[in-house]
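So you can see what is in the structure, the chains are spelled out below.
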Amino acid sequence: MPKKDQLYELIRANPFISQQDLAARLGLSRSAVANYIATLVRERRILGRAYVLPDHRPVVCIGASNLDRKLRSLGPLALGTSNPARQTESFGGVARNIAENLARLGAPTSLITAVGPDASGRALLAHADEAGIDTRSVLLVDGAASGTYTAVLDEDGEMRVALADMAINDALTPAFFASRAPQRAGAALIVADLNLPHDAVAGLLGDALAGGVPMVVVAVSEPKINRLPRDLRGLRLLILNLGELAERAGRAMDSEAAIARACLDLQTDGAQDVIVTRGAQGVMFTTPDGLRSLAAPAVDVVDVTGAGDAFAAAVCWSLYSGASSLDLACRRGLALSAMTIGCAQTVCPQLAPGLLDEPVDSPRLLKD
Ligand SMILES: Nc1ncnc2c1ncn2[C@@H]1O[C@H](COP(=O)(O)OP(=O)(O)OP(=O)(O)O)[C@@H](O)[C@H]1O
Ligand SMILES: O=c1[nH]cc([C@@H]2O[C@H](CO)[C@@H](O)[C@H]2O)c(=O)[nH]1
């Protein structure tokens, strides 16, 4: 690739890179770099250099992007045999879903994820661009397949089993995240999912502790809870469901006292706050006075896929927009997940900027 294009790719991957770094990485002099940049500006491939103001700092979502396939059984699901079903395809991955929710709610949002050079990788990026998500920090992994997630839903829309082929996320290493340090440092809030390798999560937490960008971690599944480091210092908030909490604690969550004890353990490990989602039973969250519960609104389930991600996105939106109350954040989360469960799509298409500004019990949030 010609030097000018190599330089362009380096700037695309890291718009904060200095001319000195560019010169060192490309084996050029500073003045040659300046000349190439001037040419790229003339060609309008670079539109200018910007200062990043605090009020435009984005929420940076870090983790998985998938192509989701949902197979919904047309009748009662029978195991060990073939069931007539309808298939739909959509874009998924916990971090990507959260990013799409946030962008559609009007928050400046950027996504750090890995995609392959395949049709689904290109489609994932194009769809994210169209949703207004900044994808310039995405890692393109040569020779790897983009992630896929295949879920089997029963005739009522409840997920019965799902299979995730997401080996590509192993490329999201601490060394890769070091290359995205400037973008992370410019974030208002970092939201990471546990599709990331353990050491990457640990590295991000270390940076949060040292650098002060608040960080939220969203659990993904029971098998992936082991990616959550023991040491949680630096973590502003952990969001996980009851099964994931039981897996982390190594014991059953068969009473509110057991849940409270497990949350306290997570706080002793270093997490500032914890939210436990409990499906139709709503959520519990930590407060200085102990654990509090909120009930989920009753909803007619169309498809539960994405409910947890919508919940996490609304909580993050609430924190990002300056409200420090976890109670308000959880109410917003419950409202957005109810709306998502009432939609066939993983990210509800009715989302719009200003939606969560309304009173959280608004009928618009709970119904169409
Ligand atoms: N059947 C349901 N009825 C009402 N609300 C629900 C139901 N299932 C989920 N929710 C809402 O969605 C939130 C998140 O759901 P859940 O606890 O199942 O998390 P999750 O396992 O991360 O979700 P998922 O993986 O399905 O996206 C719940 O706190 C609740 O508000
Ligand atoms: O291991 C994983 N399973 C499923 C998902 C994603 O969860 C979403 C639903 O909550 C869905 O979009 C799937 O891709 C993931 O990111 N990692």
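Keep in mind it's a predicted model, so treat the numbers as computed, not measured.

Colleague: Sorry if this is basic, but what is going on with the overall build of the chain here?
Modeller: In terms of helices and strands, the chain carries 13 helices and 14 strands. For a compact globule of 368 residues, the expected C-alpha radius of gyration is about 21 Å, and the chain comes in at 21 Å, within 12% of that figure. Its C-alpha atoms give the chain principal-axis dimensions of about 65 × 50 × 40 Å. In the chain, buried positions account for 48% of the 368 residues. A sequence separation of at least 24 residues applies to 66% of the contacts in the chain between residues at least 6 apart. Of the roughly 17,000 Å² of accessible surface on the chain, 53% is carried by carbon and sulfur atoms.

Colleague: Sorry, what's going on with the site of ligand 1 here?
Modeller: Near ligand 1 you find 19 residues, and of these Asn241, Thr277, Gly279, Gly308 and Leu334 are the closest. Glycine 282 is positioned with one of its backbone polar atoms (N or O) 3.4 Å from an oxygen atom of ligand 1. Between ligand 1 and the protein, one listed contact pairs an oxygen atom with a side-chain N or O atom of serine 337 at 3.4 Å. Taking 620 Å² as the accessible area of ligand 1 by itself, protein coverage stands at 79%. Put simply, ligand 1 lies in the largest pocket. Across the shell around ligand 1, the residue classes break down as 10 nonpolar, 7 polar and 2 charged.

Colleague: What exactly am I supposed to notice about the layout of surface pockets here?
Modeller: In this model, the largest pocket occupies a volume close to 1,400 Å³. Around the largest pocket, the lining comprises 48 residues; the ones closest to its centre are Met159, Asn241, Val304, Gly306 and Gly308. Of all the elements in the fold, those that place two or more residues in the lining of the largest pocket are strand 2 (66–73), helix 4 (94–104), strand 7 (147–153), strand 8 (159–165), strand 11 (237–241), helix 11 (307–320) and helix 12 (326–341). Looking at the lining of the largest pocket, its residues break down into 27 nonpolar, 14 polar and 7 charged.

Colleague: Explain the nonpolar core to me, please; I cannot follow it from the model alone.
Modeller: Judged by nonpolar contacts, the single largest core of 45 residues is most densely connected at Ile98, Leu102, Val216, Ile239 and Ile275. In terms of residues, this core owes the most to one element, helix 11, which gives 9 residues. Not counting residues within four places of it along the chain, the set of residues in contact with isoleucine 98 comprises Cys61, Val191, Val218, Asp309, Ala312 and Ala313. In this structure, Phe177, Leu205, Leu240 and Ala258 belong to the second largest nonpolar core, which totals 42 residues.

Colleague: It is not clear to me how the UniProt feature "domain: Carbohydrate kinase PfkB" (unreviewed entry) in the chain should be interpreted in this structure. Could you clarify?
Modeller: Those residues carrying the UniProt feature "domain: Carbohydrate kinase PfkB" (unreviewed entry) are residues 59–346 in this numbering. Helix makes up 35% of residues 59–346 and strand 25%. Its end C-alpha atoms lie 20 Å apart.

Colleague: Is there a simple way to explain the site of ligand 2 in this structure?
Modeller: In the vicinity of ligand 2, 15 residues are found, and the nearest of them are Asn66, Asp68, Gly93, Asn195 and Lys224. Interatomic distance of 2.4 Å between a side-chain N/O atom of aspartate 68 and an oxygen atom of ligand 2. Asparagine 97 is positioned with one of its side-chain polar atoms (N or O) 2.9 Å from an oxygen atom of ligand 2. Calculation on ligand 2 without its partners gives an accessible area of 390 Å², and the protein chains cover 88% of this total. Using a 2 Å cut-off from the grid points, one finds that ligand 2 occupies the largest pocket. Residues of the shell around ligand 2, tallied by class, amount to 5 nonpolar, 7 polar and 3 charged.

Colleague: Before we go on, may I ask you to explain the packing of helix 1 (residues 3–13) against helix 2 (residues 19–26) in this structure?
Modeller: Relative placement of two packed helices is described by the angle separating their axes and the distance separating the axes. Two elements in contact, helix 1 and helix 2, have axes separated by 11 Å at closest approach and are oriented at 130 degrees. By the angle between their axes, helix 1 is oblique relative to helix 2. The way helix 1 lies across helix 2 gives a crossing that is right-handed. From helix 1, Lys3, Gln6, Leu7, Leu10 and Ile11 reach across to helix 2, where they touch Leu22, Arg25 and Leu26. Along the lines of polarity and charge, the residues of the contact of helix 1 with helix 2 split into 5 nonpolar, 1 polar and 2 charged.

Cut-offs used in this document
Residues numbered from 1 in each chain as written. Chains lettered and ligands numbered in written order. Predicted model: local features only at pLDDT ≥ 70, side-chain atom pairs only at ≥ 80, totals over all residues. Heavy atoms only, no water. Helix = DSSP H or I, 4+ residues; strand = E, 2+ residues; numbered from the N terminus. Rg over C-alpha atoms; globule rule 2.2 N^0.38 Å. Buried < 20%, exposed > 50% of the residue type's maximum accessible area, 1.4 Å probe, protein only. Contact = heavy atoms within 4.5 Å. Areas by Shrake-Rupley, 256 points an atom, 1.4 Å probe, with all protein chains shown as cover. Near = heavy atom within 4 Å. Polar contact = N/O pair within 3.5 Å; in protein donor to acceptor, adjacent residues only side chain to side chain. 1 Å grid on protein atoms, 1.4 Å probe; cavity = no way out; pocket = protein on both sides within 12 Å on 5 of 7 lines; lining within 4 Å. Sits in = over half its atoms within 2 Å of the grid points. Nonpolar A, V, L, I, M, F, W, Y, C, P; charged D, E, K, R; others polar. Points joined across faces, edges and corners; volume = space filled by probe spheres on them. Core = buried A, V, L, I, M, F, W, Y, C linked by side-chain atoms within 4.5 Å. UniProt positions renumbered as here; feature names shortened; annotations may be inferred. Axes fitted to C-alpha atoms, helices over the stretch in contact; angles between N-to-C directions. Parallel < 35°, antiparallel > 145°, perpendicular 65-115°, else oblique. Left-handed = near helix turned anticlockwise from the far one by under 90°.

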